[in-house]
Amino acid sequence: MAGLAQHGVSRRSFLKFCTTLASAMALPPAAGLAMAEAMAAARRPSVIWLPFQECTGCTESITRSHSPTIESLIFNVISLDYQETLMAAAGHQAEEALQHAIKENFGKYILIVDGSVPLGQGGAYSTIGGRSNLETLKEVAKGAAAIVAMGSCAAYGGIPKANPNPTGAVSVSDVIKDKPIVNVPGCPPIPVVMTGVLAHYLTFGTLPELDKLGRPKAFYGETIHDRCYRRAFYDQGKFAKTFDDEGARNGWCLFELGCKGPVTYNACATTKWNGGTSWPVESGHGCLGCSEPDFWDAGSFYKALSMPADPLKTVAGAAAVGAAVGVAVSFANRAKKSAAKAAHETTTLPDLEK
Amino acid sequence: MSASLEKGVRVLKEVIDAPIASYFSSCVHCGLCAEACLFYTETGDPKYTPIHKLEPMRRLYEQEYTVLGRLKKLIGLSKAVTDAELAEWQELVYNSCTLCGRCSVVCPVGNDIVYMVRKFREGMSASGNAPDGIKGAANRTITIGSPMGVKLPAVKAQMRHVEEDYGLPIPMDVEGAEYLVMLSSMEIMNFPEYLGAIAKIMHQAGKTWTLCSTAFEATNAGMQIGNSDLARVIVSRIVDAAEKLKVKTVISPECGHAYTALRWEGANLMGRSFGFKVRHIIEVLGEFQEQGLLKTEGFETDRLTFHDPCQLARRGGVIKQQRNLMNMVSKNFVEMPDAGFMNWCCGGGGGASAIEEGEELRLEAFKKKKSQLDTVKPDRLVTACANCRIVMEEGLEHYQMNLPVVGLTEMIADHIPNPVVAKPEGN
Amino acid sequence: MGELQFLTWVRGTGLNLAISIFLLGVLVRIIEIYSLGRKKDLAEPRSVAGASGMNTVFRRSIPADGMLKTSPITYIGGYVFHIGLGVVVFLFAPHIKFFQDLLGFSWPGLPSQAVDFAAVLTIVALLLILIDRISKPVKRYLSTFQDWFTWTLTFLPVLTGWMAVQHLLLPYTTMLALHILTVELLLVFLPFTKLFHAFTVFGSRWYNGTVNGHKGVAV
């Protein structure tokens, strides 16, 4: 707590932060206090952050915090021993820092990964210090207590994995099978979601409850649609049809403009972005579905869920084939009928008997 | 003795057309046709469901004329139509169907089921599966000249009786007459008053008319069996006669299927349109009434109701005329429920009355007619089809209902004053 | 395959396949049925106003005299289900978007609560006519595997679609994918079953009306 005071954070504001975080994770009220005590007292655990085939957006996101002073406390509560964007060291010194952290904390450090792992060309599509991400991941994962796959790329392969996946990108859980992994998807994930997951681990020593895609249920348990403030308009059938029509200006539902809210699990509708300022739907654009696997291949961002995801390629051809077959059959049918007519044997009275 | 399954199948392939293909493809198994068919409603046996009567033809259509059906046949997944099956279907296609057409007017997807039954009978007859009763009638019609075996001498004898009773000449083979009058065996044998009625009416209207010695029979058992070749033989006699005598109009008598056979099927059987018109006697009377050529005196006073023959009303389009005629000679004419277009069949048309084995079923189906009559409680029942008359008389007797049945033409003629005709000199 | 991937497949490849088979099937069937042709009717026609093929196409939607009382469930259940299905398919905004993508034009829809109501009525009507088919002797007698199968093919899209919007049973993504999948199954089998009456009802009623109209009988 002395350290906190040094950074100008009062005990009260620290407690407030912890209770807010606990409530956002739907933990009981006592958990807030437990979190505060754990975080204030804990020996700072080692955290290693490996960046693979990524855009650095996840790092950008985690540093955009509600209140920088508090967020930076998280970095004081943990020992962020390796983070290529934020660390001062570079080159060989950075490599040494990584090796030292692994050796000193083997079996106990948290490994955070952002970016996908390319498998193509033996992993050559993404290297750090001449070593492929695949090799690095396998080595560093050995001593990790848990792995946080930060962002959709690390969690599911993300944008690099989108059709045709030229680098052979895969997710962390496609490579590592023997360690507990938390997926924190989003492109990027929401800042407080990232810090909330870490805080949970630091407080309880366990990973939060995960859904079947490995995401913390506290933040990914419900769809955007179910928490959307425009839901009443969806239920009534009031949809904006263009980005600037009356419906759009009245804040109506963006389903028709391609919103993927109904199929996307994330916390955007509740925690929002930019310190709670707004989020995509509130600013008038449909949800892209960025926390879902293969969201980039799920059809245009501007095509409603009820519209075809791809152009209907074989329909015209099928119609042509249908017409051709129909015409061919009609010739066969008429020929059969004419043949029957030609072979007609006039029935006379005796012909009525078998 | 050359009827065979192969022949039957070939004939069915010939007659299946776009309408039949459309109908089979549209049926959704709603069962409403059964609710319109008296053979189902009075027995409760679902096998009498009209569309079910066509099941072998439906399978044949599928196997012969659809891509999927042909493919299924190729890989051995389809059930072929067999002679035994057609024999089993005889009861459904003949005994329990009078071609009354009620099913065709209720089907929600528009299926003309009676059209299909008529076509199915082509295959049934060519494969040797037509009932004996109608085969006998067809035989007699073609070889003797009438289904009841009535020959020209018998006709001439009736002509003489009528001439004596009514004092009017009954012309025969008169070239250039306006009307050629056809008769049905039933009338010649059982209701000769019909001929006298015609004579009176024509005399009053001042119209020329004639019978024909080579074509006096209108009933078409070929059509009832459902065989176009045989039906054509019978129709062509009439067409030849009409053209030989150069008449303007051929009058079909008080018979149901005779009218259908000549008026609606005739030209199609012959493959050409006629140079003369074909009218039902009730249509002619209706025209006379409209033109003021029919002058009646007096009224029936008892409570009368009218049975619309299926082939005249629903299937023939003659519905208003009989009502106008009834009102002309009756002060107490009441309609039975469902009268007119939706009237229920007597149960004996389409050749059914000729099928002995079908009698029990016919009598059970007659309960529907009985219920109509029980509702209206008439003193007498009037109709315009001799077959309906016989069938209903049988049914009424079976249910011990004391209800006389009369023909409309006769009733009209009864109200035309008897003519005074000067006897030729020297007699 | 994850939830979203399944949904993307049914919205993409699945839809393409289903619509292709549907169009192919419809064209083959329409041509194979109507190319059989019909002989010209040589009998002297009788012209009566209101007696024609076109008239019957519309008039046949009205029950014939006395039939409604005989079979109320067939008619009422049938009407509610058909009209309800039409409302749900063609007047629900997300569906209109689908058609807009296919056809290039759209039309106004109904408020979603109204469509929801129509969907419930449709589901109830479908269940009623299923019970009727099981309990009425004629319907039971006529029914083959195809009747139960096509009922299921028709029922599932309405049920799964309604359940998706109501967030019942399975997560929305999966429910929506199932809904689209069941629609695709319906499309694939439609041309080859009695469901094809959706197309042939017009031709059948027209033929019936024409043949009888030739005789001056308005059916």
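The structure displayed is predicted, hence computed values, not measured ones.

Definitions and cut-offs
- Residues numbered from 1 in each chain as written.
- Chains lettered and ligands numbered in written order.
- Predicted model: local features only at pLDDT ≥ 70, side-chain atom pairs only at ≥ 80, totals over all residues.
- Heavy atoms only, no water.
- Contact = heavy atoms within 4.5 Å.
- Buried area = accessible area lost by both parts, 1.4 Å probe.
- Salt bridge = Lys/Arg side-chain N within 4 Å of Asp/Glu carboxyl O.
- Polar contact = N/O pair within 3.5 Å; in protein donor to acceptor, adjacent residues only side chain to side chain.
- Helix = DSSP H or I, 4+ residues; strand = E, 2+ residues; numbered from the N terminus.
- Nonpolar A, V, L, I, M, F, W, Y, C, P; charged D, E, K, R; others polar.
- Core = buried A, V, L, I, M, F, W, Y, C linked by side-chain atoms within 4.5 Å.
- Buried < 20%, exposed > 50% of the residue type's maximum accessible area, 1.4 Å probe, protein only.
- Pairing = 2+ DSSP bridges.
- Axes fitted to C-alpha atoms, helices over the stretch in contact; angles between N-to-C directions.
- Disulfide = S-S within 2.5 Å.
- Patch = residues over 30% accessible without salt bridge, like charges linked within 9 Å, V, L, I, M, F, W, Y side chains within 5 Å.
- Areas by Shrake-Rupley, 256 points an atom, 1.4 Å probe, with all protein chains shown as cover.
- Lys, Arg positive; Asp, Glu negative; His and termini not counted.
- Charge placed at Lys NZ, Arg CZ, Asp CG, Glu CD.
- Domains from an automatic or database assignment.

Q: An account of the interface of chain C and chain B is needed here, citing residue identities and associated values.
A: Across the contact, 50 residues belong to chain C and 58 residues belong to chain B. It is Leu 42, Arg 46 and Leu 142 of chain C that lose the most area in chain C upon contact with chain B, and together they represent 14% of the buried surface on that side. Scanning the region where chain C abuts chain B turns up two salt bridges. Here Glu 283 of chain B makes a salt bridge to Arg 46 of chain C, at a shortest N to O gap of 2.8 Å. At the junction of chain C with chain B, the criterion picks out 28 residue pairs in polar contact (both at pLDDT 80 or more). The element that contributes the greatest number of residues to the side of chain C that touches chain B is helix α10 (residues 197-214) of chain C, accounting for 11 residues.

Q: Mind laying out the interface of chain B and chain A, listing which residues take part and the relevant values?
A: Accessible area lost during the coming together of the parts is what is often quoted as the interface size. Listed per partner, the contact involves 30 residues of chain B and 20 residues of chain A. Roughly 2,300 Å² is buried in total at the junction of chain B and chain A, and carbon and sulfur atoms are behind 53% of that figure. Along the contact surface separating chain B from chain A lie six salt bridges. Among the ionic pairs, Glu 345 of chain A bridges to Lys 7 of chain B, the shortest N-O distance being 3.6 Å. If you look at where chain B meets chain A, you find 18 residue pairs in polar contact (both at pLDDT 80 or more). Secondary structure elements with two or more residues in the side of chain B that touches chain A: α1 (5-15), α5 (55-65), α6 (67-74), α7 (83-95), α9 (113-126), α10 (132-143) and α15 (228-244) of chain B. Of the residues that constitute the side of chain B that touches chain A, the class distribution is 12 nonpolar, eight polar and 10 charged.

Q: Let's hear about the nonpolar core: which residues, and what values?
A: Side chains of nonpolar character tend, in soluble globular proteins, to be buried together. Residue and element names in this part refer to chain B. Within the largest apolar cluster, 93 residues are counted, with the highest numbers of intra-cluster contacts made by Ile 51, Leu 54, Met 57, Tyr 61, Ile 113, Met 116 and Phe 120. Sort the elements by how many residues they give to this core and α9 lands first, with eight residues. In this structure Leu 54 touches Phe 24, Trp 89, Ile 113, Met 116, Val 117 and Phe 120, once residues within four positions along its chain are discounted. In terms of nonpolar packing, the next biggest core, distinct from the first, is built from 49 residues, Met 159, Met 172, Trp 264 and Val 284 among them.

Q: Break down the pattern of salt bridges for me, citing the residues and quoting the values.
A: Within the structure shown, the criterion is met by 51 salt bridges over all chains. The network of salt bridges with common partners includes Glu 345 and Asp 351 of chain A together with Glu 6, Lys 7 and Arg 10 of chain B.

Q: How would you explain the sheet that holds strand β6 (residues 380-383) of chain B if you had to name every residue and give the values?
A: All names here are of chain B. On the basis of which strands lie adjacent, the open sheet formed by three strands has the order β5-β6-β7 and parallel pairing. Of all strands in the sheet, those bounded by a partner on one side alone are β5 (304-307) and β7 (405-407). In this sheet, neighbouring strand axes are inclined to one another by 35 degrees on average, regardless of whether the strands run parallel or antiparallel. The sheet strands contacting helix α21 (residues 386-398) are β5, β6 and β7, and the helix crosses β7 at an angle near 170 degrees.

Q: Provide a residue-level description of the pairing of β5 of chain B, including the pertinent values.
A: Residue and element names in this part refer to chain B. In β5, alternate side chains face the same way, and those of Leu 304 and Phe 306 on one face and Thr 305 and His 307 on the other are all buried. Here β5 pairs with β6 via four bridges, running parallel. Its bridge partner lying in β6, Thr 305 is registered against Leu 381.

Q: Describe the sheet that holds strand β3 (residues 109-114) of chain A, naming the residues involved and giving the relevant values.
A: All names here are of chain A. The sheet built from five strands is open, its strands ordered β2-β1-β3-β7-β9 with parallel pairing. The sheet terminates laterally at β2 (79-83) and β9 (181-184), the two strands that pair on one side only. Sheet twist, expressed as the average angle between the axes of neighbouring strands with direction ignored, equals 20 degrees. In this structure, strand β1 (residues 46-51) lies alongside β3, joined through five bridges in parallel fashion. Paired with Trp 49 across the two strands is Ile 112, which belongs to β3. Relative to the sheet, helix α7 (residues 133-141) contacts β1, β3 and β7 (144-150), its axis offset from that of β3 by approximately 160 degrees. Against the sheet, helix α10 (residues 191-204) makes contact with β3, β7 and β9, and its axis sits at roughly 160 degrees relative to β9, the strand it touches most.

Q: Which residues make up the state of the cysteines, and what values do they have?
A: Residues and elements named next belong to chain B. Counted according to the given criterion, the structure contains zero disulfides over all chains. Here Cys 37 stays unpaired: no disulfide links it, and the sulfur of Cys 100, its closest cysteine neighbor, is 6.5 Å away. The thiol of Cys 100 is not disulfide-bonded; the next cysteine sulfur, from Cys 310, is found 4.7 Å away.

Q: With reference to specific residues and values, describe a negative patch on the surface.
A: Residues and elements named next belong to chain B. A cluster of acidic side chains, namely Glu 356, Glu 357, Glu 359, Glu 360, Glu 393, Glu 394 and Glu 397, defines a negative patch on the protein surface. Elements with a contribution of two residues or more to the negative patch: α19 (359-365) and α21. At three residues, α21 tops the list of elements feeding residues into the negative patch. Structurally, Glu 397 can be placed in helix α21.

Q: Which residues make up the domain arrangement of chain B, and what values go with them?
A: Residue and element names in this part refer to chain B. Considered domain by domain, chain B is made up of domain 1 (3-129), domain 2 (145-290) and domain 3 (304-414). Of note, the centres of domain 1 and domain 2, computed from C-alpha atoms alone, are 33 Å apart. Taken together, the eight residues of domain 1 in the interface contact eight residues of domain 2. Buried surface at the junction of domain 1 and domain 2, summed over both partners, amounts to about 620 Å²; 36% is from carbon and sulfur atoms. The shortest N-O distance in the salt bridge between Glu 265 and Arg 118 comes to 2.8 Å. If you look at where domain 1 meets domain 2, you find eight residue pairs in polar contact (both at pLDDT 80 or more). When residues of the side of domain 1 that touches domain 2 are assigned to their parent elements, the largest contribution, five residues, is made by α9. In terms of residue class, the side of domain 1 that touches domain 2 is made up of three nonpolar, two polar and three charged.

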